[in-house]
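Structural overview for review
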Amino acid sequence: MTEKVTIAMLGAGRGAELHMSGYRGVHGIGIRYKWIFARRERQLLDAVGRYPFERITTDYNDILNDPEVDVVDICTPPYMHAEEAIRAFENGKHVICEKPLTGYFGRAGDSCPVGSVSKEKMYLSCLADMERIESAMKISGKRLMYAENFVYAPAILKAAEIVTAKKSRILYMKGEESLKGSSSAVAGEWSKTGGGTFIRTGTHPLSAMLWLKRQEALASGKEISVKSVVADMTCVTGGLSEYEHRHIAAKPQDVEDTSTCIVEFSDGTRAVTIACDTLLGGSKNQVELYCNDAAITCTLTLNNIMSSYMLDEDGLDDVYISEMLTSKCGWNNPFIADEIIRGYTNEMQDFMESVAFDREPKSGFELAKDTVKVVYAAYLSSEQGRRIVLDRAETFPRTAVYR
C-alpha cells in the first residue's frame, strides 16, 4: 500500500476547485499536494491562497520531470486533455482526467468554424486519439481515472447497489443535465469545448447510465454493449431577440444548445440523454431507471434536502446557495454538502484508493472511451439524420455503419 499519494494539479479553474473539494473528504490515505500548473501566472497566484500546493508552475515539464509525483490530475480545458494524459503516462504518472477524455477541436486545413467540419472526420479522429491514449497507458502500466462525478453520486451508487442485489433488468433510462448556459466565455466555440451542451453537460448523465448498464451486466454475468446511437441536436436560441435572450447565458457560435440522444444497447433496451442550455431556475441533474422490478429516480440537483426563502441578499455574498441562479431571493433549494451529493468526495476517495492499493477505479478508461464514442456518434447521427450502428468487431472501429 502507498501511504501517501503525491498529486500535481493541471488547471486552476472551476474543475480544480471541484476536485479539491473532493480531496478534502478523503480519509485513510495521505495526500501530498505538490504542484499546481496553469498557463497564466495570475491564476496560480490566486490558487496559492486557496489550496495547499507546495509549488506552482507554468511549465508542465516541471511536473513530468518530478519523480515524486504519483498522479497528474487534469482539470485544464478539454482540448488539452489527450496530449497531457499521454505525456503523463510517458513519464510514469497515473492520470485523473476531467470529462471529456478527448474530443475534436480542429486540425490544420479545416474549414471555419470548427463546428462545420464533417462529424465523421471528428468521430474517426477521436477514435484515433483514444488508441494513442490507451497505448500510452498500457505501456506505462499506470491507470486512467475518469473524473465522472455522476458515477460517484450517492444516489447513483445506491441505484447500482439495488440493481446489483436484485439482479434487475434496466429496461429504460432517462438522464438529464440542463441549465441556462455556461459561465465560460468560450463555451460556445467548438474549437475550445469539442461540441456544445451535449459534450459539456450531457456527458454526465450519459456516463452514469452507461456505467449503470455495466453494473447490470456484471450482476447478471452477461455482456451488454452499446449497439446504436440516434440523436437530434440544434441551436434554438439563435432566433431570439436580444431582449428575449436576456435570461439565458448560452451564446453558441458553432455548437448546439439543445440535444437529445437515444442509446440502444445490445439487449434491446434504451437510454435517453437530454442536455439543454435553455433551462432557467438552476441546474437540473437527474437519472431515472425503469426496471423490470423497480423504479428508481436519482436527483442530484435540484433536490429538496433544504428549502430557503429570503427577501434580500444581505450578508450572503460568500454563501453558496445554488448553481446558475441569478438571485438568492425568493424560494430556493440550496445545495447541501454539494461535494458529497454530486459525487466529488466519493470520486476522489476511490481514485486515491485505486493508486494506494493498486486497483481499478469504478470510473476508468473504458467508461471514458465509451462516452466519447457515443458523444461523437451522436453528433454524426444528428448531422446525417440517421441511426449510427457501432461496430463492435474492433475495439476502435474505423468506420460507422448507417441505417
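Residues numbered from 1 in each chain as written. Predicted model: local features only at pLDDT ≥ 70, side-chain atom pairs only at ≥ 80, totals over all residues. Heavy atoms only, no water.

**A few points about the overall build of the protein chain**
Here is the rule we go by: Going along the chain from the N terminus, every DSSP run of H or I of four or more residues is numbered as a helix, and every run of E of two or more is numbered as a strand. Using C-alpha atoms as the atom set, the radius of gyration is obtained and then compared with a globule rule of 2.2 Å times the number of residues to the power 0.38. To sort residues, take the accessible area from a 1.4 Å probe on protein chains only and compare it with the maximum for the residue type: under 20% means buried, over 50% means exposed, and anything in between is partly exposed. In what follows, a contact means two residues having at least one pair of non-hydrogen atoms within 4.5 Å. Accessible surface is estimated by sampling points in the Shrake-Rupley manner with a 1.4 Å probe; for residues, cover comes only from the protein chains shown.
A count of helices and strands for the protein chain gives 12 helices and 16 strands. Scaling as 2.2 N^0.38, a compact globule of 403 residues should have a C-alpha radius of gyration of about 22 Å, and the protein chain matches this with 21 Å. Along the longest, intermediate and shortest principal axes, the C-alpha atoms of the protein chain span 60 × 55 × 55 Å. When the 403 residues of the protein chain are sorted by exposure, 56% land in the buried category. Contacts in the protein chain between residues far apart in sequence, at least 24 positions, make up 73% of those at least 6 positions apart. Summed over all atoms, the accessible surface of the protein chain reaches about 17100 Å², with 50% contributed by carbon and sulfur.

**A word on helix H12 (residues 365-384)**
Convention followed: Expected helix span is taken as 1.5 Å per residue step, with the number of steps being one fewer than the number of residues.
Taking 1.5 Å of rise per residue, the 20 residues of H12 would be expected to cover 28 Å, and the 28 Å separating its terminal C-alpha atoms lies within 8% of that figure. With respect to burial, H12 is a largely interior element, 16 of its 20 residues being buried. Downstream of H12 by one or two residues, Gly-385 has phi in the positive range, about 70°.

**Comments concerning the nonpolar core**
For clarity, the cut-off: Joining through side-chain atoms within 4.5 Å is the link that ties buried Ala, Val, Leu, Ile, Met, Phe, Trp, Tyr and Cys residues into a set, and such a set is a nonpolar core.
Grouped together as the largest cluster of nonpolar side chains are 107 residues, with contacts concentrated most on Tyr-23, Leu-144, Leu-212, Leu-289, Met-352 and Tyr-376. In this view, Leu-212 contacts Ile-156, Ala-159, Ala-160, Ile-170, Met-173, Val-287 and Leu-289; residues no more than four positions away in its chain are not counted.

**A few points about the pattern of salt bridges**
Formally: Think of a salt bridge as a Lys or Arg side-chain nitrogen and an Asp or Glu carboxyl oxygen that are within 4 Å of each other.
In the structure shown here, the tally under the stated rule is 34 salt bridges. In this structure, Asp-46 and Arg-42 form a salt bridge, with 3.1 Å as the shortest nitrogen-oxygen distance. Taken together, the residues Asp-46 and Arg-42, both in helix H2 (residues 41-48) and 4 residues apart, mark about one turn of the helix. Judged by relative accessible area, Asp-46 falls into the partly exposed class, the value being 43%. With relative accessibility at 53%, the residue Arg-42 sits in the exposed group. A salt bridge links Lys-192 to Glu-189; the nearest nitrogen and oxygen atoms lie 3.7 Å apart. Here the salt bridges do not stand alone but share partners, grouping Arg-32, Lys-34, Glu-54, Asp-66 and Glu-68 into one network.

**Describing the sheet that holds strand S4 (residues 71-74)**
What counts is decided by this rule: A strand pair is defined by DSSP finding two or more bridges across the two strands. Note on geometry: axes are lines fitted to C-alpha atoms, helical ones only across the stretch in contact, with angles between N-to-C directions running from 0 to 180 degrees.
With parallel pairing, 6 strands are arranged side by side in an open sheet as S3-S2-S1-S4-S5-S6. A strand with exactly one partner marks an edge of an open sheet, and here the two such strands are strand S3 (55-57) and strand S6 (144-147). Averaged over all pairs of adjacent strands, the angle between strand axes in this sheet comes to 25°, irrespective of strand direction. One ladder, built from 4 bridges, connects strand S1 (residues 4-10) with S4; its direction is parallel. Residue pairing for S4: Leu-10 is matched across the bridge by Ile-74.

Geometric descriptors of this kind do not, in isolation, establish any biological role.
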